[in-house]
Amino acid sequence: TTEQLRIDMAAELPSGRMLCNTVGRGQFPRAYVAVHPEATAVCWFLDVYQRDQTANNEQTVYDDRIEWVCTPDPPEDPYDLVVWGFGTRGETELVREMLQLGYQRLKDNGRFVAVIDNPEDQWLHAELKKLFPKVTRNPIDRGVVYLCTKPGPLAKVKCYQAEFVFRDGDKLIKAYSRPGVFSHRHIDVGARTLINFMDVKPCQHVLDLGCGSGAVALAAVSRAESVRALAIDSNPRALECVHLGATANGLSGIETALDAGGNLIPRGEFDLVLANPPYFSHYKIAELFLKMSHRALKHGGLVHVVTKTPNWFAEKMPMYFQEVGAEQVKEYWVLSGTRG
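Rules used throughout
- Residues numbered from 1 in each chain as written.
- Predicted model: local features only at pLDDT ≥ 70, side-chain atom pairs only at ≥ 80, totals over all residues.
- Heavy atoms only, no water.
- Axes fitted to C-alpha atoms, helices over the stretch in contact; angles between N-to-C directions.
- Helix = DSSP H or I, 4+ residues; strand = E, 2+ residues; numbered from the N terminus.
- Parallel < 35°, antiparallel > 145°, perpendicular 65-115°, else oblique.
- Contact = heavy atoms within 4.5 Å.
- Nonpolar A, V, L, I, M, F, W, Y, C, P; charged D, E, K, R; others polar.
- Pairing = 2+ DSSP bridges.
- Disulfide = S-S within 2.5 Å.
- Buried < 20%, exposed > 50% of the residue type's maximum accessible area, 1.4 Å probe, protein only.

1. Let's talk about the packing of helix α1 (residues 2–9) against helix α2 (residues 27–35)
Point 1. Where α1 contacts α2, the two axes come as close as 9 Å, and the packing angle between them is 5 degrees. Viewed along their axes, α1 and α2 adopt a mutual orientation that is roughly parallel. In contact with Glu3, Arg6 and Ile7 of α1, α2 contributes Gln27, Phe28, Pro29 and Ala31.
Point 2. Class assignment for the residues of the contact of α1 with α2 results in four nonpolar, one polar and two charged.

Below you can see the structure in the form of structure tokens.
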């Protein structure tokens, strides 16, 4: 709905260099450059899968004037126009940071547009008024369009990055997170369960699938001598946080890869795979994690998957692994299997 609301208003927007996001498959930036022949657009993503799906869309006729970028922050070019689209269920801190980032990227007197698919919205309106001296509110049938103009630099810039510490045995490990990264500001209970359960031996090569802040990878490399870890995530901010954590803890054995399908994971090189799959997507991502784990493990290598819904994994894991077992740890289950 938000994407369609922006498509409907594309012709009314000023022409220039635009920064935007998409909550669809890039329909809005394509519509914008189609009606503004001299305009260019940068469409920013925090998920490489969504970026690749959008960039590889069949409707690529205007893509020579659109950049599809997946980076921790939007490119710092000066923009004439920023157009953010939000859904009613957006992550609060991420929306606040996107508003600030959009403001910072605008040229002075540049136009800022925020669209939300909630006709009753008051929250976004209040957040915009913290940044802009004047906010024009235009209610429409299925949402609200807010129009603002940047008067000059922000008086105060807020940092949304968080630092937190967790214990693994007798070690305190420092980790970082940002809005949009899974389990922002704290260690997830599932990740904590996985850390407590895993047995990492010296010189092992460990894969942390869907690493988030990297807490599991940081703990694995800290656990024994000469351990190496590869932390994989589709969110570039997650990898940024992993590197911050590795530097803060003086760990040199961690590498990262921005990867949604497992294409950057070396085959048959890992002794241990650790995974905390997301619960959305009707287990599509969970099954992808199992396939990636199978490809990544050495013969005899071990996978641990943590979940609150063990039945699906108990049914699926024997298709990929031998010696599959399950152990309950409070409200979680850890399912394990061996690469045959």
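Next comes the rest of the write-up.
2. Side note on the sheet that holds strand β3 (residues 66–70)
Point 1. Read from one edge of the open sheet, seven strands run β3-β2-β1-β4-β5-β7-β6, paired in mixed fashion. The sheet is open, and its two edges are formed by β3 and β6 (135–140), each paired on a single side. Adjacent strand axes in the sheet meet at a mean angle of 15 degrees, parallel and antiparallel pairs treated alike.
Point 2. Bridge count for β6 against strand β7 (residues 143–149) is six bridges, and the pairing is antiparallel. Among the inter-strand pairings, valine 135 is bridged to a residue of β7, identified as cysteine 148.

3. A short note on the state of the cysteines
Point 1. Going through the model one piece at a time under the given rule, you end up with zero disulfides.
Point 2. There is no disulfide at cysteine 43, and the cysteine sulfur nearest it, in cysteine 20, is 4.1 Å away.
Point 3. In this model cysteine 70 remains outside any disulfide bridge; the closest cysteine sulfur is found in cysteine 43, 11 Å from its own.
Point 4. Taking the relative accessible area as the measure of exposure, cysteine 70 reaches 10% and is therefore buried.

4. Considerations on the sheet that holds strand β15 (residues 322–329)
Point 1. The strand order across the open sheet built from seven strands is β12-β11-β10-β13-β14-β16-β15, with neighbouring strands paired in mixed fashion. Among the strands making up the open sheet, the edge pair consists of β12 (254–258) and β15. On average, adjacent strands in this sheet sit at an angle of 15 degrees to one another, irrespective of strand direction.
Point 2. Bridge analysis of strand β10 (residues 205–209) against strand β13 (residues 270–275) gives four bridges, and the strand direction is parallel. Counterpart to aspartate 208 in the pairing with β13 is leucine 274.
Point 3. Those strands touched by helix α9 (residues 284–296) are β10, β13 and β14 (297–307), and its axis lies near 155 degrees from that of β14.

5. Considerations on unusual backbone geometry
As a rule of thumb, non-glycine residues mostly have phi less than zero, and peptide bonds are mostly trans rather than cis.
Point 1. A positive phi angle, near 80 degrees, is found at arginine 185, a position not held by glycine.
Point 2. Under the relative-accessibility criterion, arginine 185 is labelled partly exposed at 39%.
Point 3. A positive phi angle, close to 60 degrees, is found at serine 226, a residue other than glycine.
Point 4. By secondary structure assignment, the location of serine 226 is in the loop between α7 (215–223) and β11 (228–233).

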